[in-house]
Amino acid sequence: MNNYRAVKGPSVSRRTFAKSSLLGILSLFLKKRLKGTTLTRNTPPSTFINPLIGASTSTLLGEGKTFPGPTTPFGMVQLSPDTITGGVKGPGYAYEGDSAPGYSYEQRTIEGFSFTHMSGVGWYGDFGNLQVMPTTGPMKLDRGRVDHPGEGWRSAYRHASESAEANFYAVTLDDYGIGVELAAAPRAGMLRISYPETDSARIQVNLSRRIGGTSTRQYVRIAGDNAIEGWMRCPCSGGGWGNGDGKVSYTAYFRMEFSMPLERFGIWQIDVPDDAFPVQHGLATSYFQTDEYQELVQSGQVIAHGREWEGNHIGFFAEFPSLNAGRKLSIKSAISFVNVEGARKNLAHDIPDWDFEDVRRQGRALWDQALNCIEIEGASEDQKKIFFTALYHAMIDPRVISDVDGQYTRADGRVHIAEDYSPRTIFSGWDVFRGEFPLMTLLNTRLVSDEINSLVTLAEVSGKGYLERWEIMNSYSGCMDGDPATSVILDAFVKGIRGFDLEKAYAACRQTATGTGDETNRPQNEFYLQHGFVPEQISWTLDNAYFDWCVGRFAALLGKTDDAQVFSARSQNYKKIFDPHVKSMRARSANGEWVPWLGETEFGQGCTESNPLQQMWFVPHDVPGLIELMGGDEEFSRQLEDMFEKTPPTFGWNAYYNHSNEPVHHIPYLFVYAGKPWLTQKWVRRILTGAYHNDVNGICGNDDVGQMSAWFVLGALGFYPVCPGSGVYILGSPLFSRTAIHLDDQHYKRSVFEIVAEKQAPDHPYIQSALLNGKPLSRAWLRHNEIAAGGRLELVLGPEPNLTWATEKVNRPPNAGAEL
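This one's a predicted model, so the numbers in the text were calculated from it and none came from an experiment.

**Student:** Explain the side chain of Ser 449 to me, please; I cannot follow it from the model alone.
**Tutor:** With respect to the helices and strands, Ser 449 occurs in helix 9 (residues 445-461). Beyond its immediate sequence surroundings of up to four residues, Ser 449 is in contact with Ile 497, Gly 499 and Phe 500.

**Student:** What should I look at first to understand the environment of Phe 337 in this one?
**Tutor:** Relative to the elements of secondary structure, Phe 337 occurs in the loop between strand 20 (328-336) and helix 4 (340-350). Here Phe 337 falls in the buried class, since its relative accessible area comes to 9%. Measuring from C-alpha to C-alpha, the distance between Phe 337 and Tyr 253 comes to 6.0 Å, with 84 residues separating the pair along the chain. Apart from the residues within four sequence positions on either side, Phe 337 is in contact with Met 76, Thr 116, Phe 127, Tyr 250, Thr 251, Ala 252, Tyr 253, Ile 401, Asp 403, Thr 409 and Met 473.

**Student:** Is there a simple way to think about the nonpolar core in this case?
**Tutor:** Among soluble globular proteins, nonpolar side chains are generally buried collectively. Core analysis: the biggest nonpolar cluster contains 228 residues, and Phe 113 and Phe 316 have the highest contact counts within it. The element that contributes the greatest number of residues to this core is helix 13 (residues 539-557), accounting for nine residues. Among the nonpolar cores identified, the runner-up in size contains 11 residues, and Ala 183, Ala 188, Phe 356 and Val 359 belong to it.

**Student:** What am I meant to see in the packing of helix 13 against helix 14 (residues 561-570) here?
**Tutor:** The description of two packed helices rests on the angle between their axes and on the distance between the axes. Where helix 13 meets helix 14, the axes come as close as 7 Å, and the angle between the chain directions of the two elements is 160°. As judged from the angle between their axes, helix 13 and helix 14 are roughly antiparallel. Viewed along their axes, helix 13 and helix 14 form a crossing whose handedness is left-handed. Across the interface between the two elements, Ala 545, Asp 548, Trp 549, Val 551, Gly 552, Ala 555 and Ala 556 from helix 13 touch Asp 563, Ala 564, Phe 567, Ser 568 and Arg 570 from helix 14. Residues of the contact of helix 13 with helix 14, tallied by class, amount to seven nonpolar, two polar and three charged.

**Student:** Just to check I follow, could you spell out the packing of aromatic side chains for this structure?
**Tutor:** Pairs of aromatic rings are described using the distance from one ring centre to the other and the angle between the two planes. The tally for this structure, following the rule as stated, stands at 40 aromatic pairs. Consider the rings of Phe 127 and Phe 337, whose centres lie 6.2 Å apart with planes at 55°: the pair is tilted. Residue Phe 127 is found in the loop between strand 3 (112-114) and strand 4 (131-135), and its partner Phe 337 is found in the loop between strand 20 and helix 4; the two are separated by 210 residues along the sequence. There is no split in this pair, since Phe 127 and Phe 337 are both buried. Note on Phe 387 and Phe 736: the rings are 5.5 Å apart at their centroids and 85° apart in plane angle, and the pair reads as edge-to-face.

**Student:** Got a minute to help me understand the sheet that holds strand 33 (residues 738-742) in this structure?
**Tutor:** Strands in a sheet are paired, the pairing made by backbone hydrogen bonds, and the direction either parallel or antiparallel. Ordered in space as 21-33-34-38-35-36, the six strands form an open sheet in which the pairing is mixed. Edge positions in the open sheet fall to strand 21 (374-377) and strand 36 (775-776), since each of these has one partner strand only. The pairing of strand 35 (residues 766-772) with strand 36 spans two bridges and is classified as antiparallel. From the neighbouring strand, Leu 771 faces strand 36, where its bridge partner is Pro 776.

**Student:** I would appreciate a short explanation of the packing of helix 11 (residues 502-514) against helix 13 in the present structure.
**Tutor:** Axis separation between helix 11 and helix 13 bottoms out at 10 Å; the angle between their running directions is 145°. Crossing handedness for the pair helix 11 and helix 13: left-handed. Contacts from Leu 502, Ala 505, Tyr 506, Cys 509, Arg 510 and Ala 513 in helix 11 reach Asp 548, Val 551, Phe 554 and Ala 555 in helix 13. For the contact of helix 11 with helix 13, a count of residues per class yields eight nonpolar, no polar and two charged.

Each value, and the rule that gives it
- Residues numbered from 1 in each chain as written.
- Predicted model: local features only at pLDDT ≥ 70, side-chain atom pairs only at ≥ 80, totals over all residues.
- Heavy atoms only, no water.
- Helix = DSSP H or I, 4+ residues; strand = E, 2+ residues; numbered from the N terminus.
- Contact = heavy atoms within 4.5 Å.
- Buried < 20%, exposed > 50% of the residue type's maximum accessible area, 1.4 Å probe, protein only.
- Core = buried A, V, L, I, M, F, W, Y, C linked by side-chain atoms within 4.5 Å.
- Axes fitted to C-alpha atoms, helices over the stretch in contact; angles between N-to-C directions.
- Parallel < 35°, antiparallel > 145°, perpendicular 65-115°, else oblique.
- Left-handed = near helix turned anticlockwise from the far one by under 90°.
- Nonpolar A, V, L, I, M, F, W, Y, C, P; charged D, E, K, R; others polar.
- Phe/Tyr/Trp six-rings, centres within 6.5 Å; stacked < 30°, edge-to-face > 60°.
- Pairing = 2+ DSSP bridges.

Structure below.
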């Protein structure tokens, strides 16, 4: 389950079933965001970050697919341990090849520590570049296979020796008796290594390693008494994102410095044939698990004192014979996706000296600055850790991709200087349009503008014109359904965020919605434009209807009346696939006939990572219209409640309310539209407490670049945007007695919106009454401008539902209008 796959047609999805001084860094990287009012706390919020929450690829442990190593808010570097390259076969694993975070808690060996990772994703993953491994004893030239003990340099480790917290990770490599500590800066990272008594204290730098594939060409050179520099070329022919199907190609440049002079050093090379890279073998990294490859390792070449080398499967090693036991070796490195000079500048800026503890403190201070945007009261220790770790996970991507001097590589392959915005990468659109980006419109409007600018620039510079749905390193990966960037752009515009060119953004939205230029999905786009549904598809048809509504509303707010009418009409296309005979959305074939019905809970049937029961509810722009189709409020509520009652209490992967996956994330809030807000309160509270935990299994599905975590943050605050772009949040059941949202004061005139829940208790999920700024509130939703104006929402909670409070139904929807 939950594994990415390329979208090459309407029914294919990404998954299978089953970032000088601290003030300088803050100014440049966080762009003065989230200063707000200084919070009064006994403990800094970073204390509650538990990076091990969700750090497993096993379905048996929740499959959150996060990584435990240090990073900074939206930083370029994620320095984390790697337990495996490639996937694992066996019970609890979705399929071989998908170990996207590089680390999985249940695995018992570590193969190194690399500088780039992705959080919460599947589909083979990417990055994992510049892997460093400390060793002793006879030198081995490869990490070796997990199921062949002693074959490579990998080492056993125990969780008892493992420590993970905000901007710090430490572990002992048991096979060598080596202690390793990690800390990160926005564009650089640092390792501090403690060796036992030995005459072979060694560092091995694996330059070919890449999660989900391999770097196909590498270069390294000695750059002074204690430094190396080089690059790693990673084209899609070497696998990576989607085993190459994601079309991700990049070159990672680096400068690495050692705290001791280089004495004994060299290069190793394994003579891997050019045609042996994973893509030609059909499965990422599978070649490197074979006996054939291990035979090549045994005959690998070692070039002692080699000062410069280029090859297709090389590494660098250095030995420090004068290193005494008890003395620590430090290594610092920066990366760049522009050139080696960029890496040099990044390193000089981010880590100018050798003070590991200072790097650790500065990175942690960045997290405190970021997490201070929300304060909570009345939470248990576990709840604090779940909440702030969720907020932490929601602030890893989209990461900055430009160097400290503003240079970055655009889609045309040329180097440009970022001036008006910070270019970013990793936009998991199908996931993050739902909750992650609406959350950031409150907390970090500059980030939202940055991402919109990045997507619009990509559309323009690439020559494609349309907005990519899942962007990574300037690639159009074609992953997942629909046009989610249009929702992000509309939602920003409706909330008054204006840090981007409106006309360019609208033009890109329009072209995206008309399907022009989308090579991957041209046939079904053309069919949809003509007939109003996508053949054999429920998910694509419903997604298209909502995203058409987004473009129509954007057009209307810009005064483009003709376009507004066209797209508004198309937003009603969802009705064309509702079959009254089965009382569900149902796919149609190209000739208009219904496809064979296998039942509402059978996965597939034109549903992306879902079934008809789960997908049917995705009409966020017209829930009243959906209610009418389904037979009215009572029938709508009956079917909705029946689905929840049949859901297991963990809310993990199942055929009913499957919180593991994004298509259902808005569904608990739909009861409000039918005049039954108490049922929303009931089920939201149960999901908050049943699907999230302070443990490695604390996320019940792939975190998906922060969407699963953002859902928890919003749900715990007490509201959720069922329809991004409407400017409306539906009330649920707040988890804490008091929360204060310190809005981004670079955008909002007043900085704090407070939510107070009187009589809060684990068994008190139901709202009895509400006041907004001292006045009675008789509706179960808030408009964005009510939050943006600052103020206070007061709720009284109780153990039994108040069946008479806020039964006024939500309109179609109650649009707040653009906050001009």
